[in-house]
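Results of the structural survey
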Amino acid sequence: TLSTDPIKNESSQKVLFTMKFTVAVSFLLLSGGHAWSSLNMKADGPSSRRTFFEKGAALAGAAAVVAANPNAAQAYSVPDLPYPFEALEPFVDAPTMKIHHDKHHATYVANINKATEGKEQVPVLDLMESAIEAGPAVRNNGGGHYNHAFFWQEMAPPDKAAKTKPSDQLQGLIDKSFGSLDEMKSQFEARAAPGALFGSGWVWICVNKAGDELKLVGTPNQDNPLMKGVIEEGIMFPILGLDVWEHAYYLKYQNRRPEYVSNWWNVVNWDKVSENCAYVVENHAGVPVEG
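Structural notes, computed from the coordinates. (Residues numbered from 1 in each chain as written. Predicted model: local features only at pLDDT ≥ 70, side-chain atom pairs only at ≥ 80, totals over all residues. Heavy atoms only, no water.)

1. Notes on the overall build of the chain
Of the regular secondary structure elements, the chain holds 12 helices and 3 strands. In the chain, which comprises 291 residues, the share counted as buried stands at 42%. The long-range share in the chain, meaning contacts at least 24 apart out of those at least 6 apart in sequence, stands at 70%. (Helix = DSSP H or I, 4+ residues; strand = E, 2+ residues; numbered from the N terminus. Buried < 20%, exposed > 50% of the residue type's maximum accessible area, 1.4 Å probe, protein only. Contact = heavy atoms within 4.5 Å.)

2. Quick word on the packing of aromatic side chains
Within the structure shown, the criterion is met by 12 aromatic pairs. Taking 5.4 Å as the distance between ring centres and 50 degrees as the angle between the ring planes, the aromatic pair formed by W264 and W265 counts as tilted. For the pair W264 and W265, one class covers both residues: buried. Taken together, the ring pairs in this structure connect Y146, F150, F151, W152, F188, W202, W204, W264, W265 and W270 into an aromatic cluster. Directly above the ring of Y253 sits K252, whose terminal nitrogen or CZ lies 5.7 Å from the centroid. (Phe/Tyr/Trp six-rings, centres within 6.5 Å; stacked < 30°, edge-to-face > 60°. Lys NZ or Arg CZ within 6 Å of the ring centre and 35° of its normal.)

3. Remarks on the nonpolar core
Counting residues in each nonpolar core, the largest one holds 64 residues, and the members touching the most others are F188, L214, I239, L240, Y260, W264 and W270. When residues no more than four places from it in sequence are discounted, the contact partners of L214 are L170, L173, I174, S177, F178, I205, C206, V207 and I239. (Core = buried A, V, L, I, M, F, W, Y, C linked by side-chain atoms within 4.5 Å.)

4. Notes on the packing of helix 9 (residues 181-192) against helix 11 (residues 257-264)
Any two packed helices are characterised by the angle at which their axes cross and by the distance between the axes. Running from amino to carboxyl end, helix 9 crosses helix 11 at an angle of 150 degrees, the nearest separation of the two axes being 10 Å. Taken together, helix 9 and helix 11 sit at an angle that is classed as roughly antiparallel. At the point where helix 9 passes helix 11, the crossing takes the right-handed sense. Where helix 9 approaches helix 11, its residues F188, E189 and A192 are matched on the opposing element by R257, V261, S262 and W264. Residue composition of the contact of helix 9 with helix 11, by class: 4 nonpolar, 1 polar and 2 charged. (Axes fitted to C-alpha atoms, helices over the stretch in contact; angles between N-to-C directions. Parallel < 35°, antiparallel > 145°, perpendicular 65-115°, else oblique. Left-handed = near helix turned anticlockwise from the far one by under 90°. Nonpolar A, V, L, I, M, F, W, Y, C, P; charged D, E, K, R; others polar.)

5. Digging into the sheet that holds strand 2 (residues 214-220)
Spatially, 2-1-3 is the arrangement adopted by the 3 strands of the open sheet, whose pairing is antiparallel. Each edge of the open sheet carries a strand with a single partner, namely strand 2 and strand 3 (237-243). The sheet shows a mean angle of 25 degrees between the axes of neighbouring strands, direction not considered. The pairing of strand 1 (residues 201-207) with strand 2 spans 7 bridges and is classified as antiparallel. Paired with G201 across the bridge in strand 2 is P220. Here helix 9 sits on the sheet in contact with strand 1, strand 2 and strand 3, set at roughly 150 degrees to strand 1. (Pairing = 2+ DSSP bridges.)

6. Section: the side chain of D223
Secondary-structure assignment places D223 in the loop between strand 2 and strand 3. Ignoring sequence-local partners within four residues, the contact set of D223 consists of R139, N147, W202, W204 and V230.

7. A closer look at the side chain of N141
You can see N141 is positioned in helix 6 (residues 136-153). A relative accessible area of 11% means that N141 is categorised as buried. In this structure the side chain of N141 is engaged in a polar contact, spanning 3.5 Å, whose partner is the side chain of N111. (Polar contact = N/O pair within 3.5 Å; in protein donor to acceptor, adjacent residues only side chain to side chain.)

Any functional reading would require information that these geometric values do not contain.
In structure tokens, the structure reads:
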């Protein structure tokens with residue numbers, strides 16, 4: 001019987017759920033072990049059977065931890081790339097992509113999970129508006145997670161990217177705001193130059209809050225235009241963004257950031273950017289990301 005005390009009641013439910021979950025996993029492991037015995041009488045020997053049960057015990061233990069701490073299952077994660085590491089060659093090299101995704105992005109995710117441990121998990125997009133007020137851990141690592149999850153999705157292998165183009169809606173906003181796509185690229189490259197965006201940061205094409213104009217924005221570190229207080233005009237909604245931290249290009253381009261920026265257009269997926277634009281204009285909100 002559960003207590004009428006809500007705290008005790010919640011604790012009892014967690015314990016009960018953990019016990020049931022662990023029993024279920026143990027049953028599966030025992031069933032699997034029986035099937036293993038039947039199918040592998042002549043194979044591998046006792047060491048493989050021992051390994052099977054050791055791994056199974058570890059799995060049961062991990063499952064029990066997750067069951068006892070439901071928030072752990074909802075922690076932020078690094079989303080898979082939608083293409084292989086080498087897919088953006090020769091414009092973005094495979095070693096950079098692997099380190100960038102598996103190391104740098106993973107570090108931001110690990111740190112935002114530490115910063116939000118014990119709190120209700122919300123989509124990382126929901127952390128952005130008040131990130132500065134929330135403090136450096138959320139601003140830097142929440143921003144780092146959102147920015148990178150956004151970044152991976154807007155790129156595609158060069159052969160695929162070459163077949164994409166801005167939608168009529170996006171092209172109309174580009175013409176209205178910059179005059180032409182070529183002029184937008186030129187202004188973007190100038191904003192991304194080391195002298196214009198000193199040190200580390202990002203360059204963005206954003207839809208303004210009214211949804212009727214595009215703006216070019218540069219932000220330092222892992223800030224983005226979704227964060228209140230980053231830009232004077234208030235919050236804006238990114239539809240395209242470029243990482244100009246050195247970890248994004250140094251292995252291939254060293255100190256030649258302008259070359260990296262100009263080559264990057266070869267892997268921009270304009271279909272995805274157009275999709276971002278349509279979402280923002282319709283919803284007056286930031287683009288959701290995975291992870």
